[in-house]
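# Structure at a glance
Residues per chain are reported as follows:
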Amino acid sequence: MENRPESTLPDHPVRVALLDLLAELGTVTANEASRRLGYSSGLCSFHLRQLARAGLIEEAPRGRGRIKPWRLRWDSAESAEPEDQSFSAILHLTPRELAELTASVRELIKRFPERASEDAESRPVEVNFSAFPAPANHARQ
């Protein structure tokens, strides 16, 4: 994402979940997000507006009536379709396993060199890793 200050990163669990859901579904309303994620529609609506304020999402073309769908915002002149590689999973981990997972991800990221754009195929990729307890009613595998 371009022109986004570091302070706007979505470090809140609801915002991360909403971004994952948008990556999965393409568009989502606050009510759809509420049903899928188990949070209130008001909470989902608030965080969707915060993500829009940060420039990460935007309103999608409206459907019927007052329905307000949202979609990810892609600032890429190169391609109309993003190369989305995001995913999410609910894992059942012990505290030790969570620490091992986090350490493994850090080590994996270290394998990729920090470089400027000297390679024509390389481009900036923002990597976010969040691990936090899922809501009790979130039983997705």
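Thresholds applied
- Residues numbered from 1 in each chain as written.
- Predicted model: local features only at pLDDT ≥ 70, side-chain atom pairs only at ≥ 80, totals over all residues.
- Heavy atoms only, no water.
- Core = buried A, V, L, I, M, F, W, Y, C linked by side-chain atoms within 4.5 Å.
- Buried < 20%, exposed > 50% of the residue type's maximum accessible area, 1.4 Å probe, protein only.
- Helix = DSSP H or I, 4+ residues; strand = E, 2+ residues; numbered from the N terminus.
- Contact = heavy atoms within 4.5 Å.
- Patch = residues over 30% accessible without salt bridge, like charges linked within 9 Å, V, L, I, M, F, W, Y side chains within 5 Å.
- Areas by Shrake-Rupley, 256 points an atom, 1.4 Å probe, with all protein chains shown as cover.
- Salt bridge = Lys/Arg side-chain N within 4 Å of Asp/Glu carboxyl O.
- Axes fitted to C-alpha atoms, helices over the stretch in contact; angles between N-to-C directions.
- Parallel < 35°, antiparallel > 145°, perpendicular 65-115°, else oblique.
- Nonpolar A, V, L, I, M, F, W, Y, C, P; charged D, E, K, R; others polar.
- Arc of directions from axis to C-beta.

This part is about the nonpolar core. Core analysis: the largest hydrophobic core is formed by 18 residues, its most contacted members being Leu18, Leu22, Ala33, Leu48 and Ile57. If you list the elements that add at least two residues to this core, you get α1 (13–25), α2 (30–37), α3 (41–53) and β3 (70–72). It is α1 that provides the largest number of residues to this core, a total of 6 residues. Leaving out residues up to four positions away in the same chain, Leu18 has contacts with Ala33, Leu37, Cys44, His47, Leu48 and Leu51.

A few words now on a nonpolar patch on the surface. Taken together, the side chains of Leu91, Leu93 and Leu98 define a hydrophobic patch exposed on the protein surface, amounting to about 250 Å² of accessible area. Examined against the element boundaries, Leu91 turns out to sit in the loop between β3 and α4 (95–110).

Further remarks concern the packing of α1 against α2. Two numbers describe how α1 lies on α2: the axes approach to 11 Å, and their chain directions differ by 105 degrees. Compared by their axis directions, α1 and α2 come out roughly perpendicular. Across the interface between the two elements, Ala17, Leu18, Leu21, Glu24 and Leu25 from α1 touch Ala33, Arg36 and Leu37 from α2. Looking at the contact of α1 with α2 residue by residue, the classes come out as 6 nonpolar, no polar and 2 charged.

With that settled, consider α2. Within α2, burial applies to Ala30, Ala33, Ser34 and Leu37. When α2 is viewed along its axis, its buried side chains cluster within an angular range of 105 degrees and face the same direction. Looking at the buried residues of α2, the elements they touch are α1, β1 (27–28) and α3. Gly38 sits one or two positions beyond α2 and adopts a positive phi of about 85 degrees.

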